[in-house]
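Next come the chains, spelled out residue by residue.
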Amino acid sequence: TERHGYDPTFDKNLSTPELKPYPVPEITPDLDATEFVIVASSAQNSAPINNAFDGTPETIWHSKYGKKNPGQHPYMIDIDLGALRALNGFSYLPRQTGANGRIADFEIYVGRTIETLGEPVYTGSFTNSADLQAVAFPVTWGKVVRLKLLSEVNGNPFATAAEFELKQDLSAPPLADKIAYLSDLKPSSEKGEWKNDQSIGGKPITVNGQTYKKGIGAQSGSELIYALDGSWDRLSGHVGMDDEVGDTGSVMFRVYGDGKLLFESPEMDGTNIKQLMDLSILGVKELRLVLLDLGDGTENDHGDWVDAKLVKKGSGE
């Protein structure tokens, strides 16, 4: 009996249609603006800032105008890229109908946060033309970009753009994580007794039978404050009682970022397992480490900030 669908006369010489190759995504130095979060300091309701990132020259961004609420320079356009990128260029397409609002002087800033941008990576002027205009600058890794528009080609108090576009260097080597141990930094303020890379007893830091090269040994009642620039992503490490006091002593560890409590350990003595500390500190300018006495005397309160370090993430996922 023949199986359903089986054809014994099938011609083995028949050719099958050639499969089309799988499309390979085009990789360009242009960034995908659909992933951006964009905020402008001024925008007319009928001409929002996203018009300048939509790939359509016919739509424009226009700063506010009118007698009741006119805009004025400088104008800020802040762009969150969503991830660190190796930026090295920028292009501007002026409005194609009329010269009003065409940008003259401008600055470009690149950084990890808007609050920590520092100096501009590029300062320049565009010409009074409808042509696409592009600038290049040294590769700068950043997650946020600020365009600061300082003037208009005819001295008018407003600004416009048909398109803005950011460029990245696809050949830039990956950006490695950056690490700074707190024991290698000088506190901006300090209180109480503490030692870098040693226990309070002057021995190697040892917690739960394991010895560590880096960390801070502290006595309860101590407080260390570190001044940061806001660009560090995380504070990581562990906290625990140093083995040199055995099962005695009792403390609590606290970490504050700009006055806000970020971490509080449970009440700890020598019988406890060390506690993980992995805190988000992006934007923090003042980091404060406090070791509390729990009311039973401070003599054996030898707490360790084990492997305590600042981490600035690289370009890896």
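Not measured: the values here are computed from a predicted model. (Residues numbered from 1 in each chain as written. Predicted model: local features only at pLDDT ≥ 70, side-chain atom pairs only at ≥ 80, totals over all residues. Heavy atoms only, no water.)

## Here we look at unusual backbone geometry
With an omega dihedral of 0°, the bond running from H73 to P74 counts as a cis peptide bond. The backbone of D197 shows a phi angle near 60°, a positive value even though the residue is not glycine. By secondary structure assignment, the location of D197 is in the loop between β11 (194–196) and β12 (205–207). Non-glycine residue N208 carries a positive phi angle of around 55°. With respect to the element layout, N208 can be found in the loop between β12 and β13 (210–212). (Helix = DSSP H or I, 4+ residues; strand = E, 2+ residues; numbered from the N terminus.)

## Quick notes on the nonpolar core
The biggest cluster of nonpolar side chains holds 29 residues, and the ones touching the most others in it are I79, F90 and F164. Among the secondary structure elements, those contributing two or more residues to this core are β3 (75–93), β4 (105–111), β6 (133–149) and β8 (163–168). L182, M268, L279 and L291 belong to the second largest nonpolar core, which has 28 residues in total. (Core = buried A, V, L, I, M, F, W, Y, C linked by side-chain atoms within 4.5 Å. Buried < 20%, exposed > 50% of the residue type's maximum accessible area, 1.4 Å probe, protein only.)

## Some points on the sheet that holds strand β17 (residues 251–257)
Strand order in the open sheet formed by five strands is β10-β15-β20-β17-β18, with antiparallel pairing between adjacent strands. Strand pairing shows two members of the sheet lacking a second neighbour, β10 (189–191) and β18 (260–264), which therefore form its edges. The sheet shows a mean angle of 15° between the axes of neighbouring strands, direction not considered. As judged from the seven bridges shared by β17 and strand β20 (residues 286–293), these two strands associate in the antiparallel manner. Bridge pairing links Y256 to R288 in β20. (Pairing = 2+ DSSP bridges. Axes fitted to C-alpha atoms, helices over the stretch in contact; angles between N-to-C directions.)

## Considering the pattern of salt bridges
Summed over the entire model, instances satisfying the criterion amount to ten salt bridges. Here R146 makes a salt bridge to D78, at a shortest N to O gap of 2.7 Å. Pair noted here: R146 is in strand β6 and D78 is in strand β3, with a separation of 68 residues, a long-range link. Since its relative accessible area comes to 17%, D78 is described here as buried. Taking the shortest distance from any N to any O, the salt bridge between E223 and R288 comes out at 3.3 Å. In this pair, E223 is assigned in strand β15 (residues 223–227) and R288 in strand β20, connecting sequence segments 65 residues apart. Each of the salt bridges in this network shares a partner with another, and the network as a whole consists of D184, D197 and K214. (Salt bridge = Lys/Arg side-chain N within 4 Å of Asp/Glu carboxyl O.)

## Considering the packing of aromatic side chains
With the rule as written, the count across this model stands at eleven aromatic pairs. Their ring planes at 85° and their centres at 6.4 Å tell us that W61 and Y75 sit as a pair that is edge-to-face. One end of the pair, W61, is in strand β2 (residues 61–62); the other, Y75, is in strand β3, with 14 residues separating them in the sequence. Here the aromatic rings of F106 and Y122 are separated by 5.9 Å at their centres, their planes lie at 20°, and the arrangement is stacked. One end of the pair, F106, is in strand β4; the other, Y122, is in strand β5 (residues 122–125), and 16 residues separate them in sequence. Overall, F106 belongs to the buried group, its relative accessible area being 2%. The class of Y122 is partly exposed, set by a relative accessible area of 25%. Over the ring of Y256 we find R288; its NZ or CZ atom is 4.2 Å from the centre of that ring. The positively charged end of K312 is found above the aromatic ring belonging to W232, 4.7 Å away from the centroid. (Phe/Tyr/Trp six-rings, centres within 6.5 Å; stacked < 30°, edge-to-face > 60°. Lys NZ or Arg CZ within 6 Å of the ring centre and 35° of its normal.)

## A look at the pairing of β18
By the bridge criterion, four bridges tie β17 to β18 in an arrangement that is antiparallel. Following the sheet pairing, V255 is matched in β18 by F263. With antiparallel pairing between neighbouring strands as the criterion, β17 and β18 make up a hairpin whose turn holds two residues, including D258 at a positive phi of roughly 50°.

## Side note on the environment of G71
By the secondary structure assignment, G71 is in the loop between β2 and β3. Under the relative-accessibility criterion, G71 is labelled buried at 14%. For the pair G71 and A43, spaced 28 residues apart in sequence, the C-alpha separation works out to 8.7 Å. The contacts of G71, once residues within four sequence positions are left out, are K64 and P157. (Contact = heavy atoms within 4.5 Å.)

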